[in-house]
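Chain by chain, the residues run as shown.
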Amino acid sequence: MAISKTDNHTLLMENVVSLCKRRGFIFQGSEIYGGLANTWDYGPLGAELKRNIKEAWWRDNLYRRSDMAGLDSAILMHPKVWEASGHTANFSDLSVDCKNCKKRWRPEQAQGKCPQCGSNDLTEARAFNLMYKTHQGAVEDQASLTYLRPETAQGIFVNFLNILDVSRKKLPFGVAQIGKSFRNEITPGNFTFRTREFEQMEIEYFVRPEEADKYYAYWVNERYNWYLRLGIKKQNLRLRPHAKEELAHYARACSDIEYQFPFGWSELEGIANRSDFDLVQHAKFSGKDLSYFDALDKKRIIPYIIEPSGGVDRAALAFLVDAYWEEKVKDENRTVLKFSKELTPVKIAVLPLLKNRPQLVELAKKIYEDLRKHYACVYDDTASIGKLYRRQDEVGTLFCLTVDVQSLDDKQVTVRERDTMKQERISIDKLREYCSEKLNHY
Ligand code: GAP
């Protein structure tokens with residue numbers, strides 16, 4: 001069997017985007033109104049994929065550790081939060097506006113000329129704050145001005161004392177949170193890679209200052225390996241430490257975990273040493289004492305913070321691209337999403353070989369009803385078996401269980417495995433056991 005991964009990068013991206021739409025992973029946002037640029041809606045399978053990513057992250061970073069606590073803080077926060085964090089003053093990109101077509105560009109994109117309409121009537125480059133402004137309540141004045149959070153992290157910092165109180169955690173410990181963030185990006189694009197509304201998975205890990213370097217290295221390694229464990233190919237993942245000039249205003253050190261997307265190596269997640277910047281700033285702006293009593297040295301300290309911060313949407317895109325596989329089987333094209341068993345949206349498909357045989361359909365539906373109590377399953381009888389297999393391969397379903405005429409006699413079904421396409425007969429009464437052995441990852 002000749003196996004060939006699509007090597008043309010543009011084509012690979014086009015194929016992934018088209019599969020996402022065709023099979024219900026990702027749709028254009030507000031599509032029936034002509035779409036709203038750079039907004040995306042996750043369809044039935046995309047919603048499952050994202051959920052599986054978030055669950056794996058939550059499980060690995062919270063349930064499997066004793067030094068972490070979870071949080072789900074509000075998107076809208078007191079405007080002073082953003083003054084304290086430095087976002088009001090510093091969270092900006094340089095932009096140039098075309099006075100003719102009103103399109104906004106980064107200065108390096110519009111070198112004296114608008115790339116859209118060709119006009120050279122451009123504004124000077126000026127700082128454009130990326131935070132989404134909104135107003136609390138009915139009156140839209142300066143006093144009611146607030147922002148949609150551009151990162152979930154600040155919700156953790158402002159809850160530092162609350163979490164210390166309720167969890168009685170001792171350093172080092174972390175707080176993990178998953179939630180939406182918003183940035184009025186000047187150049188969104190590359191499908192879901194850079195959008196204005198996105199979801200983040202962030203950990204703020206509080207440590208003694210003298211241990212910051214050690215835990216920074218630890219988290220870089222931990223987070224890099226997490227992507228590998230969930231199936232990303234090693235050759236598509238790399239670490240890129242930031243140069244000093246590149247560091248955000250709060251960071252002492254930062255490394256990106258980059259993925260080799262079809263459009264080039266790009267950031268999946270960043271791990272930063274934020275020092276004591278955030279707690280010092282919030283203590284100053286709120287007037288609250290945000291220090292920690294260290295029983296070891298019997299003194300109060302301001303912990304340093306190590307922050308692994310990743311995007312759910314970017315992770316989903318990387319997992320989709322990495323899983324995409326094309327091959328020829330008996331002169332026919334087969335497209336497979338080779339997701340890991342944890343992430344794949346559908347684990348099992350139950351397929352009757354003939355839909356016009358009521359006994360087969362009845363038996364298949366019974367098996368489906370039983371298995372769906374335990375696993376993400378689908379039932380499908382709307383095409384020939386060959387087509388049904390291709391359909392399931394294309395969305396990454398791990399196993400297809402086919403119920404055929406013989407099943408009525410020998411009480412067995414054919415189990416076909418996605419990657420190898422190997423088939424074996426399994427007793428219906430052993431199916432639960434079989435699935436739990438194959439699918440259990442906990
Ligand atoms: N709290 C630190 C922070 O927000 P960041 O590097 O700006 O750091 C962290 O963002 C992660 O959030 C990125 O690595 C990326 O995965 C995701 N992210 C940031 N901006 C994004 C955007 N416009 N669209 C999609 N994901 C984004």
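From a predicted model like this one, the values you see are computed outputs, not experimental measurements.

S.K.: So what's going on with the nonpolar core? Residues and values would help.
M.R.: Counting 55 residues, the largest nonpolar core has Phe 25, Ile 53, Tyr 227, Ile 306, Phe 319 and Leu 320 as its most contacted members. Examining the composition of this core, we find that nine residues originate from one element, helix H9 (residues 312–323), more than from any other. Dropping the residues within four chain positions of it, Tyr 227 is found in contact with Ile 232, Leu 237, Ile 257, Leu 268, Glu 269, Ala 315 and Phe 319. In terms of nonpolar packing, the next biggest core, distinct from the first, is built from 23 residues, Leu 371, Tyr 379, Phe 399 and Val 403 among them.

S.K.: Would you mind going over helix H1 (residues 9–22) in detail, with residue names and values included?
M.R.: Given 3.6 residues per turn, any residue in an α-helix points the same way as the ones three and four places further on. Here H1 is 14 residues long and its end C-alpha atoms lie 20 Å apart, about the 20 Å a rise of 1.5 Å per residue gives. Elements in contact with the buried residues of H1: strand S1 (26–28), H9, strand S17 (324–329), strand S18 (332–337) and helix H11 (385–395). Positive phi shows up at Gly 24, right after H1, with a value of about 85°.

S.K.: Any details on the site of the ligand? Residues and values, ideally.
M.R.: As a matter of local geometry, the ligand sits amid 21 residues, with Glu 151, Arg 183, Thr 195, Glu 202 and Glu 267 nearest to it. Measuring from a nitrogen atom of the ligand, one finds a side-chain N or O atom of Glu 185 at 2.8 Å. The separation between an oxygen atom of the ligand and a polar main-chain atom of Gly 311 is 2.9 Å. Notes on the ligand: free accessible area 550 Å², of which the protein chains cover 91%. For the shell around the ligand, the secondary-structure elements that each account for two or more residues are strand S10 (197–207), strand S13 (264–275) and strand S16 (304–311).

S.K.: Which residues make up unusual backbone geometry, and what values do they have?
M.R.: Cis geometry is adopted by the peptide bond preceding Pro 172, which originates at Leu 171 and carries an omega value of -5°. Counting through the fold element by element, Pro 172 comes out in the loop between helix H6 (160–167) and strand S9 (173–182). For Ser 30, which is not glycine, the phi dihedral falls at a positive 55°. Using a relative accessible area of 38% as the deciding quantity, one classes Ser 30 as partly exposed. Unlike most non-glycine residues, Asp 331 shows phi in positive territory, near 65°.

S.K.: So, the sheet that holds strand S4 (residues 92–97): which residues are in play, and what are the values?
M.R.: With respect to topology, three strands assemble into an open sheet ordered S5-S4-S6, the strand pairing being antiparallel. Only two strands of the sheet have a single partner each, and these edge strands are strand S5 (104–105) and strand S6 (126–129). Bridging between S4 and S5 involves two bridges; their strand directions are antiparallel. Of the residues in S5, the one forming a bridge with Val 96 is Trp 105.

S.K.: Mind laying out the packing of aromatic side chains, listing which residues take part and the relevant values?
M.R.: Inspection of every chain in the model, using the stated rule, returns 19 aromatic pairs. Centre to centre, the rings of Tyr 132 and Phe 182 are 6.4 Å apart; their planes meet at 80°, and the pair counts as edge-to-face. A residue pair is termed long-range when its members are at least 10 positions apart, and Tyr 132 in strand S7 (residues 132–135) and Phe 182 in strand S9 qualify at 50 residues. Taking 5.5 Å as the distance between ring centres and 55° as the angle between the ring planes, the aromatic pair formed by Tyr 205 and Tyr 215 counts as tilted. Taken together, the residues span a long stretch of sequence, with Tyr 205 in strand S10 and Tyr 215 in helix H7 (residues 212–229) at a distance of 10 residues. We note that Tyr 205, like Tyr 215, is buried. Taken together, the ring pairs in this structure connect Phe 193, Tyr 259, Phe 261 and Phe 263 into an aromatic cluster. We note Lys 103 situated over the ring of Trp 105; from NZ or CZ to the ring centre the distance is 5.2 Å.

S.K.: Account for the side chain of Ser 144, naming residues and giving values.
M.R.: You can see Ser 144 is positioned in the loop between S7 and strand S8 (145–148). Using a relative accessible area of 9% as the deciding quantity, one classes Ser 144 as buried. A distance of 2.9 Å separates polar atoms of two side chains, one belonging to Ser 144 and the other to His 135. Apart from the residues lying within four places of it in its own chain, the contact partners of Ser 144 are Thr 134, His 135, Gln 136 and Val 139.

S.K.: Let's hear about the layout of surface pockets: which residues, and what values?
M.R.: Space inside the largest pocket adds up to approximately 1100 Å³. Taken together, 42 residues form the lining of the largest pocket, with Phe 91, Arg 183, Arg 194, Tyr 250 and Glu 267 sitting closest to its centre. Broken down by secondary-structure element, the contributors of at least two residues to the lining of the largest pocket are helix H4 (87–90), S4, S10, strand S12 (253–261), S13, S16 and H9. For the lining of the largest pocket, the per-class residue count stands at 13 nonpolar, 13 polar and 16 charged.

S.K.: Please give an account of the sheet that holds strand S22 (residues 412–417) that cites residues and values.
M.R.: The mixed open sheet is built from five strands, whose spatial order is S20-S19-S21-S22-S23. The open sheet terminates on both sides in strands that have one partner only, identified here as strand S20 (377–379) and strand S23 (423–427). Going from strand to strand, the sheet's axes swing by 25° on average, the running direction of each strand aside. By the bridge criterion, five bridges tie strand S19 (residues 348–352) to strand S21 (residues 399–403) in an arrangement that is parallel. Note on S21: the bridge partner recorded for Pro 352 is Val 403.

Here is what the cut-offs are and how they apply
- Within any chain, residue numbers begin from 1 and follow the written order of that chain's sequence.
- Reporting of local features is limited, given that this is a predicted model, to residues whose pLDDT is at least 70; pairs of side-chain atoms are given and counted only at 80 or more, and all residues count toward the totals for whole chains, interfaces and linings.
- The side-chain figures draw on all heavy atoms in the structure; neither hydrogens nor water molecules are used.
- The criterion is simple. A nonpolar core is a set of buried Ala, Val, Leu, Ile, Met, Phe, Trp, Tyr and Cys residues joined through side-chain atoms within 4.5 Å.
- Accessibility here uses a 1.4 Å probe with only protein chains present; expressed as a share of the type maximum, an area under 20% marks a residue as buried, one over 50% as exposed, and anything in between as partly exposed.
- Labels follow the DSSP assignment, with helices taken as runs of H or I lasting at least four residues and strands as runs of E lasting at least two, numbered in each case from the N terminus.
- Contacts were defined at the residue level, with two residues in contact if any of their heavy atoms lie within 4.5 Å.
- Expected helix span is computed as 1.5 Å times (number of residues minus one).
- What makes a residue near a molecule or strand is one non-hydrogen atom of that residue sitting within 4 Å of it.
- Here a polar contact is taken to be a pair of N or O atoms separated by no more than 3.5 Å, where protein atoms must pair a possible hydrogen donor with a possible acceptor and residues adjacent in sequence count only if both atoms sit in side chains.
- Per-residue accessibility takes into account occlusion by the displayed protein chains alone, with areas from the Shrake-Rupley method and a 1.4 Å probe.
- The criterion for strand pairing is that DSSP finds at least two bridges linking the strands in question.
- Pairing of aromatic rings covers Phe, Tyr and the six-membered ring of Trp, with a centre-to-centre limit of 6.5 Å; geometry is then stacked below 30 degrees between planes, edge-to-face above 60, and tilted otherwise.
- Only lysine NZ and arginine CZ atoms are considered, and such an atom sits over a ring when it is within 6 Å of the ring centre and within 35 degrees of the ring normal.
- Lining residues are defined by having an atom within 4 Å of a point belonging to a cavity or pocket. Those points lie on a 1 Å grid over the protein atoms alone, cavities being sets where a 1.4 Å probe fits but cannot get out and pockets being open sets with protein on both sides within 12 Å along at least five of seven lines.
- Grid points are joined across faces, edges and corners, and a volume is the space filled by probe spheres set on the points.
- Each residue is assigned to one class: nonpolar for Ala, Val, Leu, Ile, Met, Phe, Trp, Tyr, Cys and Pro, charged for Asp, Glu, Lys and Arg, and polar for all the others, Gly among them.
- The axes used here are C-alpha line fits, helices contributing only the stretch in contact, and every angle between their N-to-C directions lies in the interval 0 to 180 degrees.

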